[in-house]
Amino acid sequence: MASDAINAPNQLLGKDDSPPVHEVNAEGRSPFLLTCDHYGRLLPRSLGDLGVGESELARHIAWDIGIAGVAERLAKMLDAHLIAQRYSRLVIDCNRPPGVASSIPVISEATTIPGNEGISAEARDARRHEIFDPYHRRINAVIDQRVHIRRPTVLVALHSFTPVYAGVARPWHIGTLYHRDTILPRHLLHHLRAEPDLVVGDNEPYAVSDVTDYTIPVHGEARGLINTGIEIRQDLIADQSGQQQWAERLARIFAEIETALRAEGLA
Ligand SMILES: [Zn+2]
């Protein structure tokens, strides 16, 4: 990234903007590597408010409400490395292949995003090169390094979902999201279903696919890592006490899964 130069005409991030990648516990000893594609809702100053009202920018269309607080706590409880992305998914969605319509959406749920309409190829490239690429390069480099030092790596992509989408209420408290992995989702579903108070989604409210996802197919499946996505319903983690409770629950479950994976020689 250019940093010292005067802003080039198509440069997105300026010197007052935060870097896109946020990390916790980079030296963490856990086999679990946590990612959080929709951690933040920052907007680069050069984009203003994208023509979207402040109340809309606080909604799920801009980020995964509550997941940042869960991810930070879970990383510390597990001593796991967390790699997260600070900018809003409305700038560029870090869990979409670049180039698909939902990568830089002109509409999300029922909200139009005027600042994304009719933008130039250069402006699209800047969003990719300054936000999407550094985040995914960092995940890639961390996995490379872990492979190099033979540290077991189990990829867990953390997300949250809105309780009501397009007028339809969703009953699940938490869901596993996966595609090709046959190991970790099975363990996670087993443990979640043993929790008496939970309604658990098996590939609900979404399933992972190569066209609707990026992190799991590219960093998990293509690299042969055991992996899963997790989606937690946003009303359960909207405040700090909910984030703490869910982090504690997941830390307990992941500790049990780690023991099981080690017994199978997989972590
Ligand atoms: Zn998400």
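Up top you'll find the structure we're talking about.
Note that the structure is predicted; figures quoted are calculated from it, not measured.

Thoughts on the packing of aromatic side chains
Then comes step 1: Under the definition given, this model contains 2 aromatic pairs.
Then comes step 2: Ring centres of phenylalanine 132 and tyrosine 214 lie 4.8 Å apart, and the angle between their planes is 70°; this geometry places the pair in the edge-to-face category. Placement of the pair is phenylalanine 132 in helix H3 (residues 121-148) and tyrosine 214 in the loop between strand E10 (200-202) and helix H5 (215-221), with a sequence separation of 82 residues.
Then comes step 3: Since its relative accessible area comes to 0%, phenylalanine 132 is described here as buried.
Then comes step 4: Classification of tyrosine 214 as buried rests on a relative accessible area of 17%.
Then comes step 5: Lying across the ring of tryptophan 63, arginine 41 places its NZ or CZ 5.4 Å from the centre.

Description of the environment of glutamate 204
Then comes step 1: In this structure, glutamate 204 sits in the loop between E10 and H5.
Then comes step 2: On the basis of relative accessible area, glutamate 204 is assigned to the partly exposed category, the value being 31%.
Then comes step 3: Taking C-alpha positions, glutamate 204 is 24 Å from arginine 41, a pair spaced 163 residues apart along the chain.
Then comes step 4: Non-local contacts of glutamate 204, meaning those with residues more than four positions away in its chain, are made with Trp172, Gly175 and Thr176.

Scoring rules and cut-offs
Residues numbered from 1 in each chain as written. Predicted model: local features only at pLDDT ≥ 70, side-chain atom pairs only at ≥ 80, totals over all residues. Heavy atoms only, no water. Phe/Tyr/Trp six-rings, centres within 6.5 Å; stacked < 30°, edge-to-face > 60°. Helix = DSSP H or I, 4+ residues; strand = E, 2+ residues; numbered from the N terminus. Buried < 20%, exposed > 50% of the residue type's maximum accessible area, 1.4 Å probe, protein only. Lys NZ or Arg CZ within 6 Å of the ring centre and 35° of its normal. Contact = heavy atoms within 4.5 Å.

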